[in-house]
Every structure is written in structure tokens, then in C-alpha cells.
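Observations on chain architecture
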Protein chains: 2
Amino acid sequence: MLSKNQLKYIQSLHQKKFRQQHGTFLVEGAKSVQEVLQSDFQTELVIATEAFYKENVHLTERQRTPVEIVSIAELERAGTLESNNAALAVVKTKENRPLLAAPNEIALILDDIRDPGNLGTILRIADWYGVRKILCSETTADVYNPKVISASKGSFTRVNWWYGNVADVLKQSNDEPVGKLAVYGAFLDGEDVHTLAFSKSGYLVMGNESNGIRPDTAQYVTQRVTIPRYGDAESLNVGIATAILLDNIRRVTQ
Amino acid sequence: MLSKNQLKYIQSLHQKKFRQQHGTFLVEGAKSVQEVLQSDFQTELVIATEAFYKENVHLTERQRTPVEIVSIAELERAGTLESNNAALAVVKTKENRPLLAAPNEIALILDDIRDPGNLGTILRIADWYGVRKILCSETTADVYNPKVISASKGSFTRVNWWYGNVADVLKQSNDEPVGKLAVYGAFLDGEDVHTLAFSKSGYLVMGNESNGIRPDTAQYVTQRVTIPRYGDAESLNVGIATAILLDNIRRVTQ
């Protein structure tokens, strides 16, 4: 059973302010908790139903993670999921370390992606396509938001992210005298992604759900790209667009 | 202002049972209502804020649609959206007419897609890729669910659907002595979609979110296909997978 203070602490982590203050975030549901316990994240506390605990004791013992056994009702009161009959973990956030695309590597830049569901989906897609670095503008949704973690289906344990001034990163990349990297950005008037000879190295920039890539960032895009349309929908969701772009990049570079 | 009976009627359409009983469904939000008023759907009633009504009177007059002016609070009470400051339309459902893929046409088959958000996303993707026919198993989510209509972003006005026994449709297609169509289905052990020479005619079958294509349907798949994975995510969301498959089909056939 949870103490009043434990419950209050866990519930406070629904909010960004308290996640930042405590340096911890929530991971919820059977699969995500299992994945985080097997990752390099440090888990501070697991609250779990007896059934989940018994089946996963080898995982909590591996990191010597403290476990509180709770009822399903307590679990759902503490967390954000509508239904959760398994577990919730309180996990330490990672240091915000700068990331750069290495040679022969495509890194993703998220320029003002606001919707947590979209961000979580993008983590999962990045993980599918072997993209390991995601550079996020400061205005992009908080990756530690429980909705992002949940939508990523465990992929948050396998990709790395950094929050900061993405335009500055691209400016520096553009200024490199040698080894300048390609910067791909999705626009309506770009080159057809079905025929473009993508480079193995560089950045793929995805922009805001309504307004696309901001001008400050767009000025460093070296190659505008477009997903061809064969029907009448006005646009594609940013998660879908990210998947199609990465699929085309991998198709020609691997 | 809405009468008690009008409010009760509109609220009843949140549920499939009453949508079927009345033969009507809800379309919510500025853009979707504008699109439905310009489509071949018959609109029974529009409830709108004064601001929306004034800007769109040319659309409601076109079909001589009755309009009730309401407050934002009334609009949100009647509908399903958390916030709606524009309008809601009560629209007549269409007859469930059988659909078949014509020569040089790719039609989509949805075999037990349960999540309304996924179904709405798939309508939007079909619309982007010019797919005009969607055959749904009876167990697939109801396309008239307000969540589907909303997630489709207006694309529900440009694609056609049919609900019925999809295995029977494929069986008949397989039995054709001439002009037998390709039936593509997504599996883990199929041909790589990056190198497959897709046909211009046939069906693309997408299966259930957890269990994939059911055996009854799978037996009629003539070509198993697989989206290559370059990282570690276990799976892709069915909407994302549909988009990537259609992108690859269009790339080689158009």
C-alpha cells in the first residue's frame, strides 16, 4: 500500500514542473515497465499489483528496485492511464547531453512538435528505422510526459534525445568547411522522395503540426523534400510523414 | 437554442445503436462541417455558433440545411469534442453498397481494425494516396463513430466504404478464371516492400492491431509483404504501416 506522501509524489509527476523539480518521470503499463527495468534508466520505485510483481521479480531484483504492492484501484489513482492492472515505475530522467549526427548517420530534428501522442509515435518510428538521435526544439512536447512515454511503446528506452536550439546546431553543421551534412526538411514544394538520392549522413527536420518548419530553422535546410500525393487529403499527420520519409531514406541508403 | 428533444437526439448519436436506428451520424468542428456541406452527404441539421453560421451561410443555404444557432457551451454539451467553437452537423448515413477493386485500382481491406482513431487515420491516408474503396470486416470499428469522422479530417467525404464478409469477397476474386487480382497482406515473413514489383490492381489487406490478419482472410492473400525494420521497435502502428505500404505501391505503379 502507498503512503499519502508516495501517492502525492507520484501524482505530482503528471506535471512537467514537478518532473523537472524531482528529476523523475512515470512509466506505466506492463510492457513499458518491463522494458524500462531492462534498460539503462535508473528506476527509483515500482508500484505493482501482486500478479505483476510475482511474474517480474527477476527484473526488479536485477536493479534492486524498491517495490510497493498495490491494488489496481491504487495504481490507477496514482498514474495517468485509464486502465492499468500491472505496474508503474518512477524513473530518473537523463542528463540533457548535446547530440550530433555522426558520419553515415541520419538524426532526426523535431522543430516544435506539440502533440505528445505524435512525439511518442515518432520515437517508436525512429526506433523501427534505427534512428538513435532526436534533437528537439525547446518548444517540442516534453518527452517525459506520460502520454509520450506510453505512445512510444517502450521505444523511449532505445532512442536518445536532446532539447535545445536546433537552428544553432544546423548553423554549425552548415558552417563546417569539410564534411557538411545534408539537412532534409519536409515542404510542399520539395523534391519527390520517391526519386531523390538521399545521403547516408545528415538530419531530417520535421516541423510543427499546423505551421511546419519555422523560418529560423528552415533557412538551414539544404534539400526540401515532398511526399507525393495521389488523392485529395490536404495533409498527412506528422508521425505518418516521418515514417514515410525514413522509409524512403532507408530504401535508398541501406 | 436547442430544444430538449433535439439535444437528446444529438447526444443519442454518440452511440452506434442510435446511429443505426436513426440512419444519421455526427460531424463536428469547423473544417469537417464545411467539408460535409460541400460533399454528396445529406445534412439533416446544423447547429452552429453565430460566428460560424455567418461565415458559412453560403454552405448551409446550398443544401437548404436547417440551422440552429447555439452557444459554445451548448455545442460542446451536444457533441463529443472537448472543445468546439464552430459547429456540429447531423448527417444521413449512406447505404451499405458492395465495393470491388476495378482493373488498375488498389482497394483497401480492413480485417478487424478495432481502434476508431486508427480507422480515421487510415481514411485520411487512403484519401492522400488516392484509394477510393475501403472494404471493412464486420468487426472493424464503425466508420460513423465520431472519433473516426474527426480523425479522418474530412477525408470521410472522399472515400467509400462497405462492411461485410471480406473473406468472401477475396474468395470470389481468387476464383475468377481470368483477371485474378493480387491480394497483398502485411506479415512478418513477407517479401520486402522496397523491392517488390507491386501490381496496379488488387487489394491491400491490413489486419487487427494485436493479432494481424485473421486466418480466414489470410488464406486468400496471394503475396505476403513486409516493411523492413532497421532498428528494434517490435511493431509499427497499423495506420503507419498502411501509409508505408501505399507509399511503396504508388512509387512503383504510378
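Residues numbered from 1 in each chain as written. Chains lettered and ligands numbered in written order. Predicted model: local features only at pLDDT ≥ 70, side-chain atom pairs only at ≥ 80, totals over all residues. Heavy atoms only, no water.

Going by what an unreviewed UniProt entry lists, chain A is known as RNA methyltransferase, TrmH family and is assigned to Spirosoma endophyticum.

1. Topic: the interface of chain A and chain B
Taken together, the 32 residues of chain A in the interface contact 32 residues of chain B. Both sides together, the interface formed by chain A and chain B hides about 2,900 Å², and carbon and sulfur atoms give 63% of it. For the chain A face of the interface with chain B, the top three residues by lost area are Arg124, Trp128 and Tyr230 of chain A, together amounting to 27%. Counting across the interface, chain A meets chain B through 4 salt bridges. With its nearest N and O atoms 2.7 Å apart, the salt bridge here joins Arg132 of chain B to Asp232 of chain A. For the pair chain A and chain B, the interface holds 18 residue pairs in polar contact (both at pLDDT 80 or more). (Contact = heavy atoms within 4.5 Å. Buried area = accessible area lost by both parts, 1.4 Å probe. Salt bridge = Lys/Arg side-chain N within 4 Å of Asp/Glu carboxyl O. Polar contact = N/O pair within 3.5 Å; in protein donor to acceptor, adjacent residues only side chain to side chain.)

2. Focus: the relation of the copies chain A and chain B
Mapping chain A onto chain B is achieved by rotating through 180 degrees and translating by 0.0 Å along the same axis, at an RMSD of 0.0 Å. Such values leave the two copies arranged in the relation of a two-fold axis. (Least-squares fit on C-alpha atoms with pLDDT ≥ 70 in both.)

3. A few points about helix H4 (residues 50–62) of chain A
Residues and elements named next belong to chain A. Between the first and last C-alpha of H4 there are 18 Å, a value that for 13 residues agrees with the 18 Å anticipated at 1.5 Å per step. Where H4 bends most, the angle comes to about 70 degrees, and this point is Asn56. All of the buried residues along H4 are Phe52, Asn56, Leu59 and Thr60. Next to the buried residues of H4 lie helix H3 (30–37), strand E2 (43–48), strand E3 (67–69) and strand E4 (87–92). At the C-terminal side of H4, Arg64 shows a positive phi close to 50 degrees. (Helix = DSSP H or I, 4+ residues; strand = E, 2+ residues; numbered from the N terminus. Expected span 1.5 Å × (residues − 1). Bend = angle between axes of the 7 residues up to and from the residue. Buried < 20%, exposed > 50% of the residue type's maximum accessible area, 1.4 Å probe, protein only.)

4. So, the packing of helix H3 (residues 30–37) of chain B against helix H4 (residues 50–62) of chain B
Residue and element names in this part refer to chain B. Following both chains from N to C, one finds H3 and H4 inclined at 20 degrees, their axes separated by 9 Å at the closest point. Relative to H4, the element H3 is oriented roughly parallel. Helix-helix and strand crossings are classified by hand; for H3 and H4 the assignment is left-handed. Of H4, the residues touching H3 (which contributes Ala30, Val33, Gln34 and Leu37) are Phe52, Asn56, Leu59, Thr60 and Arg62. Residues of the contact of H3 with H4, tallied by class, amount to 5 nonpolar, 3 polar and 1 charged. (Axes fitted to C-alpha atoms, helices over the stretch in contact; angles between N-to-C directions. Parallel < 35°, antiparallel > 145°, perpendicular 65-115°, else oblique. Left-handed = near helix turned anticlockwise from the far one by under 90°. Nonpolar A, V, L, I, M, F, W, Y, C, P; charged D, E, K, R; others polar.)

5. Considering the pattern of salt bridges
All names here are of chain B. For the structure shown, the criterion picks out 30 salt bridges over all chains. With its nearest N and O atoms 2.6 Å apart, the salt bridge here joins Glu35 to Arg158. Note that Glu35 is positioned in helix H3 and Arg158 in the loop between helix H7 (146–151) and strand E7 (160–164), a separation of 123 residues in sequence. Its relative accessible area of 22% is what places Arg158 among the partly exposed residues. Glu50 serves as the salt-bridge partner of Lys54, at 3.8 Å between the closest nitrogen and oxygen.

6. Section: the sheet that holds E3 of chain A
Residues and elements named next belong to chain A. Taken in spatial order, the 4 strands make up an open sheet running E1-E4-E2-E3, and their pairing is mixed. Pairing within the sheet leaves two strands with one partner each, and these edge strands are strand E1 (24–28) and E3. On average, adjacent strands in this sheet sit at an angle of 15 degrees to one another, irrespective of strand direction. Direction of pairing for E1 relative to E4: antiparallel, over a ladder of 5 bridges. (Pairing = 2+ DSSP bridges.)

7. Considering the layout of surface pockets
All names here are of chain A. When its volume is computed, the second largest pocket comes out at roughly 520 Å³. Every residue lining the second largest pocket is counted, 19 residues in all, and those nearest its centre are Lys94, Glu95, Asn96, Tyr144 and Trp161. Grouping the constituent residues of the lining of the second largest pocket by class yields 7 nonpolar, 5 polar and 7 charged. Taken together, domain 1 (4–92) and domain 2 (106–253) each give at least three residues to the lining of the second largest pocket, which thus spans both. (1 Å grid on protein atoms, 1.4 Å probe; cavity = no way out; pocket = protein on both sides within 12 Å on 5 of 7 lines; lining within 4 Å. Points joined across faces, edges and corners; volume = space filled by probe spheres on them. Domains from an automatic or database assignment.)

8. Regarding the domain arrangement of chain A
The extent of an interface is frequently quoted as the accessible surface area lost upon association of the parts. Residues and elements named next belong to chain A. Considered domain by domain, chain A is made up of domain 1 (4–92) and domain 2 (106–253). Between domain 1 and domain 2 the total buried area reaches about 1,100 Å² when both faces are included, carbon and sulfur atoms providing 62% of it. Put simply, domain 1 and domain 2 have 2 salt bridges between them. Counting residues per element, the ones that place at least two in the side of domain 1 that touches domain 2 are helix H2 (16–22), E1 and H3.

9. Here's the deal with helix H6 (residues 116–128) of chain A
Given a rise of 1.5 Å per residue, 13 residues ought to cover 18 Å, and the 19 Å separating the end C-alpha atoms of H6 of chain A matches this to within 8%. Along H6 of chain A, 11 of the 13 residues are buried, which leaves the element largely enclosed by surrounding structure. Listing the buried residues of H6 of chain A in full gives Pro116, Asn118, Leu119, Gly120, Ile122, Leu123, Arg124, Ile125, Ala126, Asp127 and Trp128 of chain A. Against the buried residues of H6 of chain A lie strand E5 (106–111), strand E6 (133–137), helix H7 (146–151), strand E7 (160–164) and helix H10 (238–253) of chain A together with helix H10 (238–253) of chain B.

10. Looking at the sheet that holds E7 of chain A
Residues and elements named next belong to chain A. With parallel pairing, 6 strands are arranged side by side in an open sheet as E7-E6-E5-E9-E8-E10. Unpaired on one side and paired on the other, E7 and strand E10 (223–226) mark the two borders of the sheet. Each strand axis lies, on average, 30 degrees off the axis of its neighbour in the sheet, ignoring direction. As defined by bridge partners, strand E8 (residues 182–192) adjoins E10 across 5 bridges and the pair is classed as parallel. The residue bridging Asp192 from the neighbouring strand is Thr226, located in E10. Sheet strands in contact with H10 are E5, E8, strand E9 (202–207) and E10, and its direction is about 160 degrees off that of E9.

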